[in-house]
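Residue-level listing of the chains:
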Amino acid sequence: VRVMSGSRKVAGLGRRTLAAGSHERLWGGTNRSGVVPDGIYTALVEATTELGTRALSQPVRVDTVRPRVEILRAWRRDGRTFLRVRLSEAATLTIRYGRPRWWDGGTVTVTKPAGRTTIRIGAPSREVKVKPVDAAQNRGKARVSAVVKG
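Note that the structure is a prediction, hence the values are computed from the model and not measured.

Peer 1: What am I meant to see in the pattern of salt bridges here?
Peer 2: Pairing is possible between side chains that carry opposite charge, provided their charged atoms lie close to one another. Tallying each qualifying case throughout the model produces two salt bridges. Between R86 and E70 there is a salt bridge, with its nearest N and O atoms 2.8 Å apart. Of the two residues, R86 is situated in strand β8 (residues 80-87) and E70 in strand β7 (residues 69-77); the sequence distance between them amounts to 16 residues. In this structure R86 comes out as partly exposed when scored by relative accessible area, which is 30%.

Peer 1: Explanation requested: the packing of aromatic side chains in the structure shown.
Peer 2: Going through the model one piece at a time under the given rule, you end up with two aromatic pairs. For the pair W75 and F82, a centre-to-centre distance of 5.5 Å together with 10° between the ring planes defines the contact as stacked. Sitting above the plane of the W75 ring, R73 keeps its charged end 4.0 Å from the centroid. Its guanidinium or amino end placed over the ring of F82, R77 lies 4.8 Å from that ring's centre, counting from NZ or CZ.

Peer 1: Any chance you could explain the environment of R101 here in plain terms?
Peer 2: Structurally, R101 can be placed in the loop between β9 (91-98) and β10 (106-112). Given a relative accessible area of 34%, R101 falls into the partly exposed group. With 28 residues separating them in the primary sequence, R101 and K129 have C-alpha atoms 9.4 Å apart. When near neighbours in sequence (up to four residues on either side) are disregarded, R101 contacts E127 and R143.

Peer 1: Sorry if this is basic, but what is going on with the pairing of strand β6 (residues 52-62) here?
Peer 2: Looking along a regular strand, one sees the side chains alternate between the two faces of the sheet. By the criterion of burial, β6 is predominantly exposed, with just one of the eleven residues buried. In this sheet, β6 lies alongside strand β5 (residues 39-49) in antiparallel orientation, the contact comprising eleven bridges. Opposite T42, over in β6, you have P59 as the bridge partner. Between β5 and β6, which follow one another and run antiparallel, lie two residues.

Peer 1: Before we go on, may I ask you to explain the nonpolar core in this structure?
Peer 2: Here is a general trend for soluble globular proteins: nonpolar side chains tend to be buried in one another's company. Counting 19 residues, the largest nonpolar core has I71, L83, L93, I95 and V128 as its most contacted members. At the level of secondary structure, the elements contributing two or more residues to this core comprise β7, β8, β9, β11 (115-121), β12 (127-133) and β13 (144-147). Counting residues per element, this core draws most heavily on β9, which supplies four residues. Sequence-distant contacts of L93, that is, excluding residues within four places in its chain, are made with V85, L87, V108, T109, V110, K112, I119, V130, K131 and P132. Counting residues in hydrophobic clusters, the runner-up holds seven residues, among them V10, A11, L13 and Y41.

Peer 1: Please explain the pairing of β5 as it appears in this structure.
Peer 2: Note: strand β1 (residues 2-5) against β5, three bridges, orientation antiparallel. The residue of β5 that forms the bridge with M4 is T42.

About the criteria used
Residues numbered from 1 in each chain as written. Predicted model: local features only at pLDDT ≥ 70, side-chain atom pairs only at ≥ 80, totals over all residues. Heavy atoms only, no water. Salt bridge = Lys/Arg side-chain N within 4 Å of Asp/Glu carboxyl O. Helix = DSSP H or I, 4+ residues; strand = E, 2+ residues; numbered from the N terminus. Buried < 20%, exposed > 50% of the residue type's maximum accessible area, 1.4 Å probe, protein only. Phe/Tyr/Trp six-rings, centres within 6.5 Å; stacked < 30°, edge-to-face > 60°. Lys NZ or Arg CZ within 6 Å of the ring centre and 35° of its normal. Contact = heavy atoms within 4.5 Å. Pairing = 2+ DSSP bridges. Core = buried A, V, L, I, M, F, W, Y, C linked by side-chain atoms within 4.5 Å.

Have a look at this one:
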């Protein structure tokens, strides 16, 4: 099993003889030099029998960068809380909110694309804390919080 970037080998996941059937190899996105750059790679599996060699390839995405969220604005209106945020990449946001502090209220989870977006929370709050997690399960900065105006 090899991990390829174009025609260049990026990492090898071992050469060994295996019995027929299903097998699994895990790759943590590293090679002998350390963590490989984020991007799309190809996992290439070659199997050789007395009938010849067959190759199977599958694209693999490496994503080691944690998502960033910035709270641009937080406000209350008509008994609800609104957040305007900017995301560095698509992410699932866990938003904790409360009165008077973020830990004494509730939690909302939403998935949003990269860029600027507005989130509506169906309850008034005084403080919010937002934590992003991307599709590769990279967790954003531990504490991004804001005091809600209004």
